[in-house]
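A closer look at the structure
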Amino acid sequence: MARFFDRLGLTLAHVPGGEPIPGSFWGDEEAGLIGDTLYVRDDTPVHSAMHEAGHYVCMDQTRRNGLHTNAGGTYDEENAVCYWQILASDHLDGMSRERMCADMDRWGYTFRLGSAAAWFADDAEDAHAWLVAAGLVDADSGALNVQVRR
């Protein structure tokens, strides 16, 4: 995960067990984001780290400059982040789109079609289009562009 995040311009910082995670919006074991540093503990779910990384990737540099805990963004951006994290799971050893969707469902993400996998397959055209317009997904191949927006 650290190598993948490095390609995105993010630094992965490990927080010792039992310590609060800096920049965590949800608290508990959920990942935290401050500037270009993503904070995780050993008990942080992969989907949480990927979701916060997706926020970082999807926001512009102006928002990144003031980033601390709450990534903010619009409803459309939030959907794009969810779509991005599913695509990005292909870049992690031991992770797959299926596992990412199952993890998202267990956490409590809600989608109109009842699951992350169903949403991704049949109801996420707007999220895909958002990522294409932002240059984060190739319009022809559907492949993730592992770059951050500037």
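Up top is the structure these notes are about.
In short, a report on the structure. Throughout, a residue's number is its position along its own chain's written sequence, starting from 1. Where totals are concerned, whole chains, interfaces and linings use all residues; where local detail is concerned, this predicted model gives features only for residues with pLDDT of at least 70, and gives and counts side-chain atom pairs only at 80 or more. Think of the side-chain values as coming from all heavy atoms in the structure, minus any hydrogens and water.

1. Examining the layout of surface pockets
The pocket and cavity definitions rest on a 1 Å grid over protein atoms only: a 1.4 Å probe that fits but cannot leave marks a cavity, an open set with protein on both sides within 12 Å along at least five of seven lines marks a pocket, and residues lining either have an atom within 4 Å of a point. Grid points are joined across faces, edges and corners, and a volume is the space filled by probe spheres set on the points. Its boundaries defined by the atoms lining it, the largest pocket holds a volume of some 370 Å³. If you go around the largest pocket, you meet 22 residues; those closest to its centre are Trp26, His51, Glu52, His55 and Glu78. Segments assigned H or I by DSSP are reported as helices when at least four residues long, segments assigned E as strands when at least two residues long, and all are numbered from the N terminus. For the lining of the largest pocket, the elements supplying multiple residues, two or more each, are α2 (46–58) and α4 (75–88). Sort the elements by how many residues they give to the lining of the largest pocket and α2 lands first, with five residues. Counted as a void, the second largest pocket has a volume near 180 Å³. The wall of the second largest pocket is formed by Met1, Arg3, Phe4, Arg7, Val46, His91, Leu92, Asp93, Gly94, Met95 and Arg99. A per-element tally of the lining of the second largest pocket places helix α1 (residues 2–7) first, with three residues. Only Asp, Glu, Lys and Arg are considered charged in this grouping, and only Ala, Val, Leu, Ile, Met, Phe, Trp, Tyr, Cys and Pro are considered nonpolar; every other residue, Gly among them, is considered polar. Residues of the lining of the second largest pocket, tallied by class, amount to five nonpolar, two polar and four charged.

2. Focus: α4
Taking 1.5 Å per residue as the helical rise, α4 with its 14 residues ought to reach 20 Å, and the 20 Å between its terminal C-alpha atoms agrees with that figure. The cut-offs for exposure are 20% and 50% of the maximum accessible area for each residue type, with area from a 1.4 Å probe on protein chains only; residues under the lower value are buried, those over the upper are exposed, and the others partly exposed. Extensive coverage of α4 is indicated by the burial of 11 of its 14 residues. What α4 keeps buried is the set Glu77, Asn79, Ala80, Val81, Cys82, Tyr83, Trp84, Gln85, Ile86, Leu87 and Ala88. Elements in contact with the buried residues of α4: α1, α2, α3 (61–65), α5 (97–107), α6 (116–122) and α7 (125–133). What a helix is expected to span follows from its residue count: subtract one and scale by 1.5 Å. Here a residue-residue contact requires only that any non-hydrogen atoms of the pair lie within 4.5 Å.

3. Topic: the pattern of salt bridges
The salt bridge definition used is simple: a Lys or Arg side-chain nitrogen within 4 Å of an Asp or Glu carboxyl oxygen. Within the structure shown, the criterion is met by five salt bridges. Residue Asp103 pairs with Arg106 through a salt bridge whose shortest N-O separation is 2.3 Å. One end of the pair is Asp103 and the other is Arg106, both in helix α5 and three residues apart, which spans about a single turn. Each of Arg99, Asp103 and Arg106 takes part in salt bridges that share partners, so that together they form one network.

4. Observations concerning the packing of aromatic side chains
Any pair of Phe, Tyr and Trp rings, taking the six-membered ring for Trp, is counted once the centres come within 6.5 Å. Such a pair is stacked with planes under 30 degrees apart, edge-to-face with planes over 60 apart, and tilted for the rest. In this structure the tally under the stated criterion is six aromatic pairs. Ring plane angle 85 degrees and centroid distance 5.1 Å describe the contact between Phe25 and Trp26, whose orientation is recorded as edge-to-face. Exposure remark for Phe25: the relative accessible area of 44% places this residue in the partly exposed category. An aromatic cluster is present here, built from Phe4, Phe5 and Trp84 joined pairwise through their rings. Here, a charge over a ring is recorded when the distance from Lys NZ or Arg CZ to the ring centre is within 6 Å and its angle to the ring normal is within 35 degrees. Arg64 extends its terminal NZ or CZ atom over the ring of Tyr56, reaching a point 4.7 Å from the ring centre.

5. Remarks on the sheet that holds strand β3 (residues 37–40)
At least two DSSP bridges between two strands are required for those strands to pair. Spatially, β1-β3-β2 is the arrangement adopted by the three strands of the open sheet, whose pairing is mixed. Each edge of the open sheet carries a strand with a single partner, namely β1 (11–14) and β2 (32–34). The sheet shows a mean angle of 25 degrees between the axes of neighbouring strands, direction not considered. Of the strand pairs in this sheet, β2 and β3 are connected by three bridges, and their pairing is antiparallel. Residue Leu33 lies in a different strand from β3, and its bridge partner there is Leu38. Axis angles are defined between N-to-C directions and span 0 to 180 degrees, where every axis is a line fitted to C-alpha atoms and, for a helix, only to the segment in contact. The strands touched by α2 within the sheet are β2 and β3, with β3 carrying the most contacts at an inclination of about 170 degrees.

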